[in-house]
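# Report on the structure
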Amino acid sequence: MMSKTVFLFILFGAASSKLRFTRICDPVPVIQVEPTDCSNYENTVDLDTRLEKLEKEVSRTKSDLENKATEISTLQEAVQRLSTYNTEIQKRLNSTEQQLQNTIGNAKDNVAFSATLIDPYSQTQRTDLIFSKVVTNVGNAFSLKTGIFVAPVEGVYHFFFMVTGNNNINLRASLAKNGFCIYWTILPADHDSTNWAVNLELNKGDRVNVRLWPQGVVSSAVFSGFRI
């Protein structure tokens, strides 16, 4: 019995001597798992797929940017053309406005008149010849009541006068400017009519009219003028 006990003790001691004693405070060893060929392949395929997607996105973005750049360039060219066109339109508008202003100004400055005397007219003293009818009076510068033309603007004016007299009496008539005789004519008794034309430089407000001398008899007359 004693021998069996000793044998078991020796056997248990030998077995226990081969076991490693581990303390609770010792760190637990970390087991490193080496990557396999399969896991490396899967990771590579995933990276390639992501890279391919990124490259496609970059290409698409680059194409969009190029398209936008083309659109911007086209818009800039259109704006430039519109700016040039607008400049030309503005020049034409300014020119048209200037022409219109000139036309209006010229229209305001247009002066022309023509008056006639169809009834016999006689007097015993020198007097302003009064006409019976106004044919034309552009600018209303001629007065039928007084027979006097008043220059509305400064300029050179052309005047024409024709008179028919009595065959038995000499006729003398003159053109007066501001009351002073500047041109006169005599129609002898043996002549039917006479006429004359003259250009006068007038200031605004100058008065021009025909005067008849005493003892003259006028059968008919025409007095006209216009601004040159």
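What comes next concerns the included structure.

Remark: the centre distance and the inter-plane angle together describe each pair of aromatic rings, the angle taken between the planes. Taken as a whole and judged by the stated rule, the model has 13 aromatic pairs. Between F149 and F159, the ring centres sit 5.6 Å apart and the planes meet at 70 degrees, which makes this aromatic pair edge-to-face. Here F149, found in strand β5 (residues 148-150), pairs with F159, found in strand β6 (residues 155-165); they are ten residues apart in sequence, far enough to count as distant. The pair formed by F149 and F159 is uniform in burial state, with each residue classed as buried. Each ring, one from F161 and one from W196, has its centre 5.0 Å from the other, and the planes form 40 degrees; the classification is tilted. Here W196 lies in strand β9 (residues 193-202) and F161 lies in strand β6, a separation of 35 residues in the sequence. Here F161 matches W196 in class, with each residue buried. Members of the aromatic cluster, connected to one another through ring pairs, are F113, F131, F142, F149, Y157, F159 and F223.

Thresholds, definitions, all that
Residues numbered from 1 in each chain as written. Predicted model: local features only at pLDDT ≥ 70, side-chain atom pairs only at ≥ 80, totals over all residues. Heavy atoms only, no water. Phe/Tyr/Trp six-rings, centres within 6.5 Å; stacked < 30°, edge-to-face > 60°. Helix = DSSP H or I, 4+ residues; strand = E, 2+ residues; numbered from the N terminus. Buried < 20%, exposed > 50% of the residue type's maximum accessible area, 1.4 Å probe, protein only.

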